[in-house]
Amino acid sequence: RGTVTAFSPFDARADAEALRKAMKGMGTDEETILKILTSRNNAQRQEIASAFKTLFGRDLVDDLKSELTGKFETLMVSLMRPAYIFDAHALKHAIKGAGTNEKVLTEILASRTPAEVQNIKQVYMQEYEANLEDKITGETSGHFQRLLVVLLQANRDPDGRVDESLVEQDAQVLFRAGELKWGTDEEKFITILGTRSVSHLRRVFDKYMTISGFQIEETIDRETSGDLEKLLLAVVKCVRSVPAYFAETLYYSMKGAGTDDDTLIRVMVSRSEIDLLDIRQEFRKNFAKSLHQMIQKDTSGDYRKALLLLCGGDDE
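Conventions adopted
- Residues numbered from 1 in each chain as written.
- Predicted model: local features only at pLDDT ≥ 70, side-chain atom pairs only at ≥ 80, totals over all residues.
- Heavy atoms only, no water.
- UniProt positions renumbered as here; feature names shortened; annotations may be inferred.
- Helix = DSSP H or I, 4+ residues; strand = E, 2+ residues; numbered from the N terminus.
- Buried < 20%, exposed > 50% of the residue type's maximum accessible area, 1.4 Å probe, protein only.
- Polar contact = N/O pair within 3.5 Å; in protein donor to acceptor, adjacent residues only side chain to side chain.
- Domains from an automatic or database assignment.
- Core = buried A, V, L, I, M, F, W, Y, C linked by side-chain atoms within 4.5 Å.
- Contact = heavy atoms within 4.5 Å.
- Expected span 1.5 Å × (residues − 1).
- Arc of directions from axis to C-beta.
- Phe/Tyr/Trp six-rings, centres within 6.5 Å; stacked < 30°, edge-to-face > 60°.
- pLDDT = per-residue confidence, 0-100.
- Disulfide = S-S within 2.5 Å.
- Salt bridge = Lys/Arg side-chain N within 4 Å of Asp/Glu carboxyl O.

Per an unreviewed UniProt entry, the recorded name for the chain is Annexin, and the organism is Merops nubicus. UniProt's Sequence similarities (unreviewed entry) comment on the chain is quoted here verbatim: "Belongs to the annexin family."

This paragraph deals with the side chain of Ser-111. On the secondary structure map, Ser-111 appears in helix 7 (residues 102-111). Take Ser-111: its relative accessible area is 7%, and that puts it in the buried class. A distance of 2.7 Å separates the side chain of Ser-111 from the backbone oxygen of Glu-107, its partner in a polar contact. A polar contact is formed between the side chain of Ser-111 and the side chain of Arg-112, at a distance of 2.8 Å.

Turning to the domain arrangement of the chain, a few remarks are in order. In many analyses, interface size is given as the accessible surface area lost on bringing the parts together. Here the chain is described as being made up of domain 1 (1-80 + 245-315), domain 2 (83-153) and domain 3 (164-240). Taking only C-alpha atoms, the centre of domain 1 and the centre of domain 3 are 37 Å apart.

Our focus in this paragraph is the nonpolar core. Counting residues in each nonpolar core, the largest one holds 97 residues, and the members touching the most others are Met-76 and Met-268. Per element, the largest residue contribution to this core is nine residues, and it comes from helix 15 (residues 226-240). Those residues in contact with Met-76, other than ones at most four positions away along the chain, are Ile-33, Leu-34, Leu-37, Thr-38, Leu-64, Leu-68 and Ala-306.

Along its 13 residues, helix 16 (residues 242-254) runs 19 Å from first to last C-alpha, staying within 8% of the 18 Å computed at 1.5 Å per residue. Of all 13 residues that make up helix 16, 11 are buried, and the element is covered over most of its length. Buried within helix 16 we find Val-242, Pro-243, Ala-244, Tyr-245, Phe-246, Ala-247, Thr-249, Leu-250, Tyr-251, Ser-253 and Met-254. If you check the start of helix 16, you find a side-chain oxygen 3.0 Å away from the backbone N of Ala-244, and it comes from Ser-241.

Helix length check: helix 13 (residues 198-212) (15 residues) gives 21 Å between terminal C-alpha atoms against 21 Å at 1.5 Å per residue, within 8%. For helix 13, the full list of buried residues reads His-200, Leu-201, Val-204, Phe-205, Tyr-208 and Ser-212. Buried residues of helix 13, viewed axially, fall in a sector of 140 degrees; they line one side. In the core, the buried residues of helix 13 are packed alongside helix 11 (164-177), helix 12 (186-195), helix 14 (216-223) and helix 15. Backbone geometry just downstream of helix 13 places Gly-213 in the positive-phi region, at approximately 80 degrees.

Time to look at the packing of aromatic side chains. Throughout the structure, instances matching the rule amount to eight aromatic pairs. Aromatic side chains Phe-175 and Tyr-208 sit 6.3 Å apart centroid to centroid with 80 degrees between the ring planes, which places their arrangement in the edge-to-face category. Highlighted residues: Phe-175 in helix 11 and Tyr-208 in helix 13, separated in sequence by 33 residues. Judged by centre distance (4.0 Å) and plane angle (5 degrees), the rings of Tyr-251 and Phe-287 are stacked. With a gap of 36 residues between them, Tyr-251 in helix 16 and Phe-287 in helix 18 (residues 276-287) connect regions that are remote in the sequence. Classification of Tyr-251 as buried rests on a relative accessible area of 13%. A connected cluster of aromatic rings, assembled from ring pairs, spans Tyr-251, Tyr-252, Phe-283 and Phe-287.

This brings us to the confidence of the model for the chain. Counting all residues, the mean pLDDT for the chain is 94, and 100% of those residues have values of 70 or more. When mean pLDDT is compared element by element in the chain, helix 3 (residues 42-56) scores highest at 98, while helix 6 (residues 83-94) scores lowest at 93.

Now for the environment of Leu-147. Topologically, Leu-147 is positioned in helix 10 (residues 142-153). Placed 43 residues apart in sequence, Leu-147 and Ile-190 show a C-alpha to C-alpha distance of 5.5 Å. Here Leu-147 is in contact with Ile-190, Gly-194, Leu-228, Leu-231 and Leu-232, once residues within four sequence places are set aside.

Inspection of every chain in the model, using the stated rule, returns zero disulfides. Left unpaired, Cys-311 is separated from the closest cysteine sulfur, that of Cys-238, by 20 Å.

Time to look at the pattern of salt bridges. On inspection of all chains with the given rule, the structure shows 21 salt bridges. Salt-bridge contacts for Asp-15 lead to Arg-40; the nearest nitrogen and oxygen are separated by 2.7 Å. Of this pair, Asp-15 sits in helix 1 (residues 12-23) while Arg-40 sits in the loop between helix 2 (30-39) and helix 3, and the two are 25 residues apart along the sequence. Relative accessible area serves as the criterion here: at 8%, Asp-15 is assigned to the buried category.

Structure, rendered in structure tokens:
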């Protein structure tokens, strides 16, 4: 359900030649660059980069970096990153240097499947010769850190038959750990939300509502705070619907004054071949405007053109 699919007929050499021509000599032909890179899927972009090196002895990404600037450059370079390196790179930057970007850790680790998380850990090791879990535990603390570590194990129960008696039990445990307790037993939330299967948790949330009269989100909101609260909420939202979670993430990246371009680029690039069509649907349903309209209003120039092409259409 992505907006970007394999382009056909595809000719990596012709694309490489067109890109070289767009960047050679005085001035840069941004239009050609953005049209090619937003309409080829990631595997094809890698073939173009390889053809570019073969034909011209130059690195396509280095050329893009030297010819483009600002957010447009960031977007084009992000599109050139192999999908599996993309998340590892985002996480590396989130924990690099002074201060940690908890938002990025939350977004990626709450939304990726166990298989994707395993993949990210492997790639992180290959690319940076470091253990992702060690890096994250070195930069985070408390219950927030514990839930991240649970998610990094990528051992969520596989989806299968849901055992109703266990659903009831988990819902009761969460109720006692939160609403019924003076203070909160965060560990119970971490274990249940971090390890149970998605279909099981959906039933637990329904049962929880029946027992307590509250949505689980309301309880998390009241009983926890800070980074842990944001991560627990992200996990709950992704269990309910990953596309709805990303629609909301995109909405808040553009709502109000200023735009969180890092988030906007990260979500548009990382979901463009996975579920951006579903995200667009959820966006339209939940925010009374289309993703296309919001990008149109909130961005400008070649950056806007490229984002709109990735968006792939307007849901009037």
